[in-house]
Amino acid sequence: MIKKILSSAIVVAFTLLIFCSCSKDKSNPLNKFLGDYSYSDPAVCMVYEQVEGETDDEGNPCYGVQYRKITDLDGMLASGNTFLIYFYSSMDNGSAEVTASVEDLAQKYNGKLYILMLDAMEYKDKMEKYDIEAVPDFVLIRPGQADQIFGSASYEYWTLNDVIAWLQTNGVN
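Going along each chain's sequence as written, the residues are numbered from 1 onward. Two thresholds apply to this predicted model, a pLDDT of at least 70 for residue-level local features and 80 or more for giving and counting side-chain atom pairs, whereas whole-chain, interface and lining totals are computed over all residues. The basis for every side-chain value is the complete set of heavy atoms in the structure, and neither hydrogens nor water enter the calculation.

### Let's talk about the pairing of strand 2 (residues 43–55)
Then, number 1: Here strand 2 runs beside strand 5 (residues 114–119); their pairing, made up of 4 bridges, is antiparallel. Across the sheet, the residue bridging to Val44 is Met117, located in strand 5.
Then, number 2: Should DSSP find at least two bridges between two strands, the strands are regarded as paired. Helix and strand assignments follow DSSP, with helices taken as H or I runs no shorter than four residues and strands as E runs no shorter than two, numbered in order from the N terminus. Between strand 2 and strand 3 (residues 61–70), which pair antiparallel one after the other, the connecting turn spans 5 residues, and Gly59 there sits at a positive phi close to 90°.

Next up, the structure:
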């Protein structure tokens, strides 16, 4: 009798492990470069995915932009995907407003590009590589094409619509 109960418990546990659906989207090809959720790490990827434990009034899963720690930035950038790097400064309180708008981009371009959020204070080497003079700023990286820099310093004032127009001009629709 104990063997039967133990066997049943093992089968149930194994089945749960196989069919457990975690909020981290297993279909995301970049999961091998992503860690846990983080709102304080200097390098995160904004991923539009199911929000764990949240459902709408009909019981359907809710989705939203989640911040996932990047564990291998160079590997991720070499993966052959399209990326939009959003450079910000953790020392600038005004970045929060822009970050909220960038979340809208992550949702809008879900499946077309991945948005990486890099703290300029920690990634000075990347800032120098792209000759970025001020933050926030954006860099578009596409396989087989030259990297494109938004160049926020050249604008007196810009909005999210300007970034969207720039993306579209560079072939991201």
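### Section: the environment of Gly111
Then, number 1: Within the secondary structure, Gly111 is located in the loop between helix 3 (95–108) and strand 5.
Then, number 2: For every residue, the accessible area obtained with a 1.4 Å probe (protein chains only) is divided by the maximum for its type, and the residue is called buried under 20%, exposed over 50%, and partly exposed between those limits. With a relative accessible area of 72%, Gly111 lands in the exposed category.
Then, number 3: Here the alpha-carbon distance between Gly111 and Asn28, two residues 83 residues apart in the chain, equals 9.1 Å.

### Considerations on unusual backbone geometry
Then, number 1: Cis geometry marks the peptide bond from Val135 to Pro136; its omega dihedral reads 5°.
Then, number 2: The backbone phi angle of Asp131 is positive, close to 55°, even though this residue is not glycine.
Then, number 3: Tracing the backbone shows Asp131 in the loop between helix 4 (124–129) and strand 6 (137–141).

### A word on the environment of Asn81
Then, number 1: Among the secondary structure elements, Asn81 is positioned in the loop between helix 2 (73–77) and strand 4 (83–88).
Then, number 2: Residues Asn81 and Pro29, spaced 52 residues apart in sequence, show a C-alpha to C-alpha distance of 9.3 Å.
Then, number 3: Residues within four places of Asn81 in sequence aside, it is in contact with Leu30, Tyr114, Ile141 and Pro143.
Then, number 4: Pairs of N or O atoms are called polar contacts if they sit within 3.5 Å, as long as, within protein, a hydrogen donor faces a hydrogen acceptor (for residues adjacent in sequence, only side-chain-to-side-chain pairs). In terms of polar contacts, Asn81 uses its side chain to reach the side chain of Ser79, at 2.7 Å. By definition in these notes, contact holds between two residues if any of their heavy atoms fall within 4.5 Å.

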